Amino acid sequence: MTVIIAPSLLSADFLELKTDLQRFEGEKDLWLHLDIMDGHFVPNLTFGPTVLKSIKNVCKHPLDAHFMVTNPDEHLEWFKDVGLHNFTFHWEAVTHHDRFIQKAKTLYKSVGISLNPSTPVSSIAPYLLKKVDLILLMSVNPGFGGQSFIPEVADKIIELQKMKIQHGLTFQIQIDGGVTDKNAQALIAAGATNLVAGSFVFSEPQKNYGARIAQLR
Ligand code: DX5
Ligand code: ZN
(Lines give C-alpha, C1' and ligand atoms only; values in the text may rest on other atoms or scores of the structure.)
(Ligands and ions follow the chains in the order given, each with its own letter.)
Protein backbone atom coordinates (compact mmCIF):
# COMPACT_ATOMS: atom_id res chain seq x y z
CA MET A 1 0.00 0.00 0.00
CA THR A 2 1.23 3.48 -0.84
CA VAL A 3 2.01 5.70 2.10
CA ILE A 4 1.02 9.34 1.83
CA ILE A 5 3.60 11.86 2.95
CA ALA A 6 2.20 15.17 4.18
CA PRO A 7 4.83 17.90 4.60
CA SER A 8 3.69 20.37 7.25
CA LEU A 9 3.68 23.97 6.05
CA LEU A 10 4.52 25.11 9.59
CA SER A 11 8.22 24.47 8.90
CA ALA A 12 8.27 26.10 5.43
CA ASP A 13 10.07 29.33 4.56
CA PHE A 14 7.18 31.83 4.78
CA LEU A 15 9.04 34.54 2.88
CA GLU A 16 9.62 32.11 0.01
CA LEU A 17 6.40 30.17 0.30
CA LYS A 18 5.54 29.98 -3.39
CA THR A 19 9.04 28.77 -4.33
CA ASP A 20 9.02 26.34 -1.44
CA LEU A 21 5.67 24.86 -2.51
CA GLN A 22 6.86 24.53 -6.11
CA ARG A 23 9.55 22.17 -4.85
CA PHE A 24 6.82 19.55 -4.30
CA GLU A 25 5.58 19.67 -7.90
CA GLY A 26 5.51 16.24 -9.52
CA GLU A 27 5.60 14.38 -6.17
CA LYS A 28 3.04 11.59 -6.05
CA ASP A 29 1.00 10.57 -3.00
CA LEU A 30 1.72 13.86 -1.28
CA TRP A 31 -0.67 15.99 0.74
CA LEU A 32 0.14 19.45 2.06
CA HIS A 33 -0.50 19.50 5.83
CA LEU A 34 -1.83 22.82 7.15
CA ASP A 35 -1.85 23.41 10.90
CA ILE A 36 -4.59 25.82 11.94
CA MET A 37 -3.93 27.06 15.50
CA ASP A 38 -6.06 29.52 17.43
CA GLY A 39 -3.97 30.50 20.48
CA HIS A 40 -6.58 28.86 22.77
CA PHE A 41 -6.59 25.13 22.07
CA VAL A 42 -2.82 25.38 21.58
CA PRO A 43 -0.36 28.12 22.59
CA ASN A 44 0.38 29.29 19.05
CA LEU A 45 -1.26 31.07 16.12
CA THR A 46 -0.92 30.27 12.44
CA PHE A 47 -3.00 31.10 9.39
CA GLY A 48 -6.61 31.47 8.28
CA PRO A 49 -8.70 31.03 5.13
CA THR A 50 -7.28 34.05 3.25
CA VAL A 51 -3.75 32.64 3.31
CA LEU A 52 -5.00 29.15 2.45
CA LYS A 53 -6.89 30.42 -0.62
CA SER A 54 -3.60 31.82 -1.96
CA ILE A 55 -1.87 28.52 -1.23
CA LYS A 56 -4.62 26.66 -3.07
CA ASN A 57 -3.80 28.74 -6.18
CA VAL A 58 -0.21 27.50 -6.31
CA CYS A 59 -0.47 24.00 -4.79
CA LYS A 60 -2.10 21.21 -6.79
CA HIS A 61 -1.69 18.61 -4.05
CA PRO A 62 -4.62 17.80 -1.73
CA LEU A 63 -4.80 20.29 1.14
CA ASP A 64 -4.96 18.54 4.51
CA ALA A 65 -6.04 20.90 7.29
CA HIS A 66 -5.50 20.03 10.95
CA PHE A 67 -7.61 22.29 13.17
CA MET A 68 -6.11 22.80 16.63
CA VAL A 69 -8.92 25.12 17.71
CA THR A 70 -11.52 25.24 20.49
CA ASN A 71 -14.41 26.02 18.10
CA PRO A 72 -14.06 23.68 15.09
CA ASP A 73 -17.78 24.05 14.34
CA GLU A 74 -17.27 27.67 13.32
CA HIS A 75 -14.15 26.74 11.34
CA LEU A 76 -16.24 24.31 9.28
CA GLU A 77 -18.02 27.34 7.87
CA TRP A 78 -15.07 29.73 7.67
CA PHE A 79 -12.94 27.35 5.56
CA LYS A 80 -15.62 25.77 3.37
CA ASP A 81 -14.69 27.76 0.23
CA VAL A 82 -10.91 27.26 0.49
CA GLY A 83 -10.90 24.00 -1.46
CA LEU A 84 -9.59 21.79 1.34
CA HIS A 85 -9.44 18.06 0.69
CA ASN A 86 -9.43 16.99 4.32
CA PHE A 87 -10.75 18.62 7.52
CA THR A 88 -9.33 17.11 10.73
CA PHE A 89 -10.75 18.29 14.07
CA HIS A 90 -9.58 17.51 17.59
CA TRP A 91 -11.73 14.99 19.46
CA GLU A 92 -11.05 16.92 22.69
CA ALA A 93 -12.58 20.13 21.28
CA VAL A 94 -15.99 18.69 20.34
CA THR A 95 -18.86 17.49 22.56
CA HIS A 96 -21.35 16.10 20.03
CA HIS A 97 -19.01 14.15 17.79
CA ASP A 98 -21.58 12.36 15.66
CA ARG A 99 -23.44 15.57 14.86
CA PHE A 100 -20.16 17.35 14.08
CA ILE A 101 -18.99 14.58 11.72
CA GLN A 102 -22.33 14.55 9.90
CA LYS A 103 -22.10 18.29 9.26
CA ALA A 104 -18.41 18.13 8.28
CA LYS A 105 -19.15 15.40 5.73
CA THR A 106 -21.60 17.69 3.94
CA LEU A 107 -18.86 20.32 3.45
CA TYR A 108 -15.60 18.36 2.96
CA LYS A 109 -14.58 15.31 0.89
CA SER A 110 -12.61 13.82 3.74
CA VAL A 111 -13.05 14.25 7.51
CA GLY A 112 -10.57 13.24 10.18
CA ILE A 113 -10.42 12.97 13.97
CA SER A 114 -7.23 13.95 15.80
CA LEU A 115 -6.28 12.60 19.23
CA ASN A 116 -3.83 14.32 21.56
CA PRO A 117 -1.05 12.01 22.81
CA SER A 118 -2.85 11.46 26.12
CA THR A 119 -6.30 10.75 24.63
CA PRO A 120 -6.84 6.97 24.36
CA VAL A 121 -7.80 5.43 21.03
CA SER A 122 -10.69 3.69 22.83
CA SER A 123 -12.35 7.10 23.36
CA ILE A 124 -13.71 6.87 19.81
CA ALA A 125 -16.78 4.65 19.62
CA PRO A 126 -16.40 2.07 16.81
CA TYR A 127 -19.58 3.32 15.10
CA LEU A 128 -17.91 6.72 14.66
CA LEU A 129 -14.73 5.14 13.28
CA LYS A 130 -16.93 3.98 10.39
CA LYS A 131 -17.97 7.54 9.59
CA VAL A 132 -14.57 9.19 9.19
CA ASP A 133 -11.82 8.98 6.58
CA LEU A 134 -8.78 9.51 8.76
CA ILE A 135 -7.58 9.27 12.35
CA LEU A 136 -4.66 11.51 13.23
CA LEU A 137 -2.58 10.36 16.21
CA MET A 138 -0.60 13.27 17.61
CA SER A 139 2.88 12.06 18.48
CA VAL A 140 3.92 15.37 20.10
CA ASN A 141 1.91 17.80 22.21
CA PRO A 142 0.22 19.95 19.56
CA GLY A 143 1.28 23.54 18.95
CA PHE A 144 4.79 23.53 17.53
CA GLY A 145 6.97 21.86 14.94
CA GLY A 146 10.39 20.41 15.71
CA GLN A 147 9.51 18.44 18.87
CA SER A 148 10.58 14.86 19.63
CA PHE A 149 8.35 11.87 18.92
CA ILE A 150 6.60 10.51 22.05
CA PRO A 151 7.46 6.77 21.87
CA GLU A 152 4.33 5.58 23.76
CA VAL A 153 2.21 6.67 20.77
CA ALA A 154 3.53 3.64 18.86
CA ASP A 155 1.26 1.40 20.98
CA LYS A 156 -1.74 3.54 20.00
CA ILE A 157 -1.03 2.89 16.31
CA ILE A 158 -1.04 -0.87 16.92
CA GLU A 159 -4.29 -0.62 18.90
CA LEU A 160 -5.97 1.51 16.22
CA GLN A 161 -4.79 -0.80 13.45
CA LYS A 162 -6.36 -3.74 15.34
CA MET A 163 -9.69 -1.88 15.58
CA LYS A 164 -9.46 -1.06 11.88
CA ILE A 165 -9.02 -4.72 10.92
CA GLN A 166 -11.60 -5.95 13.45
CA HIS A 167 -14.30 -3.69 11.98
CA GLY A 168 -13.16 -4.01 8.34
CA LEU A 169 -12.56 -0.26 7.97
CA THR A 170 -10.43 1.73 5.55
CA PHE A 171 -9.69 5.02 7.33
CA GLN A 172 -6.18 6.37 7.06
CA ILE A 173 -3.93 6.33 10.11
CA GLN A 174 -1.98 9.58 10.10
CA ILE A 175 0.93 10.24 12.48
CA ASP A 176 1.84 13.84 13.23
CA GLY A 177 4.85 15.06 15.19
CA GLY A 178 8.50 14.11 15.35
CA VAL A 179 8.36 11.90 12.24
CA THR A 180 11.83 11.32 10.72
CA ASP A 181 13.73 8.71 8.70
CA LYS A 182 14.60 7.08 12.04
CA ASN A 183 11.03 6.12 12.96
CA ALA A 184 9.07 6.14 9.65
CA GLN A 185 9.63 2.46 8.90
CA ALA A 186 8.40 1.34 12.32
CA LEU A 187 5.37 3.62 12.10
CA ILE A 188 4.39 2.20 8.70
CA ALA A 189 4.94 -1.37 9.95
CA ALA A 190 2.59 -0.64 12.88
CA GLY A 191 -0.18 0.53 10.52
CA ALA A 192 0.46 4.19 9.66
CA THR A 193 -0.67 5.05 6.12
CA ASN A 194 -0.02 8.79 6.22
CA LEU A 195 3.00 10.53 7.74
CA VAL A 196 3.08 14.24 8.50
CA ALA A 197 6.61 15.64 8.55
CA GLY A 198 7.50 19.28 9.05
CA SER A 199 11.01 19.94 10.30
CA PHE A 200 12.43 16.72 8.84
CA VAL A 201 11.37 17.64 5.28
CA PHE A 202 12.01 21.38 5.38
CA SER A 203 15.40 21.21 7.10
CA GLU A 204 17.08 19.60 4.08
CA PRO A 205 20.08 21.95 3.63
CA GLN A 206 19.86 22.17 -0.19
CA LYS A 207 16.05 22.43 -0.02
CA ASN A 208 15.92 19.09 -1.84
CA TYR A 209 12.66 18.15 -0.16
CA GLY A 210 12.10 15.26 -2.58
CA ALA A 211 15.15 13.51 -1.09
CA ARG A 212 13.69 13.73 2.44
CA ILE A 213 10.31 12.46 1.20
CA ALA A 214 12.03 9.51 -0.48
CA GLN A 215 13.85 8.73 2.80
CA LEU A 216 10.53 8.64 4.66
CA ARG A 217 9.01 6.27 2.11
C1 DX5 B 1 2.17 20.26 15.65
C2 DX5 B 1 1.65 20.10 14.27
C3 DX5 B 1 2.52 19.34 13.34
C4 DX5 B 1 3.91 19.90 13.15
C5 DX5 B 1 4.81 18.71 12.89
O6 DX5 B 1 1.16 20.69 16.47
O7 DX5 B 1 0.40 19.46 14.27
O8 DX5 B 1 1.89 19.16 12.08
O9 DX5 B 1 4.03 20.81 12.11
O10 DX5 B 1 6.12 19.17 12.86
P11 DX5 B 1 7.36 18.19 13.03
O12 DX5 B 1 7.29 17.20 11.90
O13 DX5 B 1 8.53 19.12 12.92
O14 DX5 B 1 7.23 17.53 14.36
ZN1 ZN C 1 -0.53 18.89 12.27
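Residues numbered from 1 in each chain as written. Chains lettered and ligands numbered in written order. Predicted model: local features only at pLDDT ≥ 70, side-chain atom pairs only at ≥ 80, totals over all residues. Heavy atoms only, no water.

J.: For this particular structure, what's the right way to read the overall build of the protein?
T.: What the protein contains, in helices and strands, is nine helices and eight strands. Radius of gyration (C-alpha) of the protein: 16 Å, near the 17 Å computed for a compact globule of 217 residues. The dimensions of the protein, computed from C-alpha atoms along their principal axes, are 45 × 35 × 30 Å. Sequence-distant contacts, at least 24 apart, represent 65% of the contacts inside the protein between residues at least 6 apart. For the protein, the computed accessible surface area is about 9900 Å², with 52% contributed by carbon and sulfur atoms. (Helix = DSSP H or I, 4+ residues; strand = E, 2+ residues; numbered from the N terminus. Rg over C-alpha atoms; globule rule 2.2 N^0.38 Å. Contact = heavy atoms within 4.5 Å. Areas by Shrake-Rupley, 256 points an atom, 1.4 Å probe, with all protein chains shown as cover.)

J.: Explanation requested: the site of ligand 1 in the structure shown.
T.: Ligand 1 sits among 20 residues. The nearest are Ser8, Gly143, Asp176, Gly198 and Ser199. With respect to ligand 1, the side chain of Ser199 contributes an N or O atom lying 2.5 Å from an oxygen atom. Burial of ligand 1 by the protein chains amounts to 100% of its free accessible area of 380 Å². Elements with a minimum of two residues in the shell around ligand 1: strand S2 (32-37), strand S3 (63-68) and strand S8 (194-197). Broken down by element, the shell around ligand 1 gets its largest block of residues, three residues, from S2. Among the residues making up the shell around ligand 1, the classes are represented as eight nonpolar, ten polar and two charged. (Near = heavy atom within 4 Å. Polar contact = N/O pair within 3.5 Å; in protein donor to acceptor, adjacent residues only side chain to side chain. Nonpolar A, V, L, I, M, F, W, Y, C, P; charged D, E, K, R; others polar.)

J.: Whenever I open this one, the packing of aromatic side chains confuses me. Can you help?
T.: How two aromatic rings sit relative to each other is set out by the distance from centre to centre and by the angle between their planes. Summed over the entire model, instances satisfying the criterion amount to nine aromatic pairs. Taking the centre distance of 6.3 Å and the plane angle of 50° together, the rings of Phe87 and Phe100 count as tilted. In this pair, Phe87 sits in strand S4 (residues 86-90) while Phe100 sits in helix H4 (residues 97-107), placing the two residues 13 residues apart along the sequence. Grouping aromatic residues by their ring pairs yields a cluster made of Phe67, Phe79, Phe87, Phe89, Phe100 and Tyr108. The ring of Phe171 has Lys164 sitting right over it, with the charged end atom 5.6 Å from the ring centre. Above the face of the Phe200 ring, Arg212 is positioned so that its terminal group lies 4.9 Å from the ring centre. (Phe/Tyr/Trp six-rings, centres within 6.5 Å; stacked < 30°, edge-to-face > 60°. Lys NZ or Arg CZ within 6 Å of the ring centre and 35° of its normal.)

J.: How should I be thinking about the sheet that holds strand S5 (residues 110-115) in this particular structure?
T.: Sheet strands line up and pair through hydrogen bonds in the backbone, either parallel or antiparallel. The sheet built from eight strands is open, its strands ordered S1-S8-S7-S6-S5-S4-S3-S2 with parallel pairing. Of all the strands in the sheet, just strand S1 (4-7) and S2 have a single pairing partner and so form its edges. Averaged over neighbouring strand pairs, the angle between their axes works out to 20° when direction is ignored. The pairing of strand S7 (residues 172-176) with S8 spans three bridges and is classified as parallel. Along S8, the bridge assignment pairs Asp176 with Val196. Those strands touched by H4 are S4 and S5, and its axis lies near 165° from that of S4. Packing against the sheet, helix H6 (residues 153-166) makes contact with S5, strand S6 (134-138) and S7, and its axis sits at approximately 165° to S6. (Pairing = 2+ DSSP bridges. Axes fitted to C-alpha atoms, helices over the stretch in contact; angles between N-to-C directions.)

J.: I tried to follow the coordination of the zinc ion (ligand 2) on my own but got confused; where do I start?
T.: Ideal values differ by geometry: the angle at a metal is 109.5 degrees with four tetrahedral donors, but 90 or 180 degrees with six octahedral donors. Distances from the zinc ion (ligand 2) to its protein donors, His33 (NE2), Asp35 (OD), His66 (ND1) and Asp176 (OD), fall within 2.0 to 2.3 Å. Classification of the site at the zinc ion (ligand 2) rests on its six donor atoms, whose angles at the metal span 69 to 168°, yielding the label octahedral. Linear spacing of the donor residues for the zinc ion (ligand 2) on their chain is H-x1-D-x30-H-x109-D. Here the residue Asp35 occupies a position in strand S2, and His66 occupies one in strand S3, the gap between them amounting to 31 residues. In terms of burial, Asp35 and His66 fall into one category: buried. (Donors = N, O, S within 2.8 Å, 3.2 Å for Na, K, Ca; no water. Tetrahedral: all angles 85-135°; square planar, octahedral: opposite > 155°, others 65-115°. Buried < 20%, exposed > 50% of the residue type's maximum accessible area, 1.4 Å probe, protein only.)

J.: Would you mind showing me how to read the environment of Cys59 here?
T.: Among the structural elements, Cys59 can be located in the loop between helix H2 (49-58) and S3. Classification of Cys59 as buried rests on a relative accessible area of 6%.

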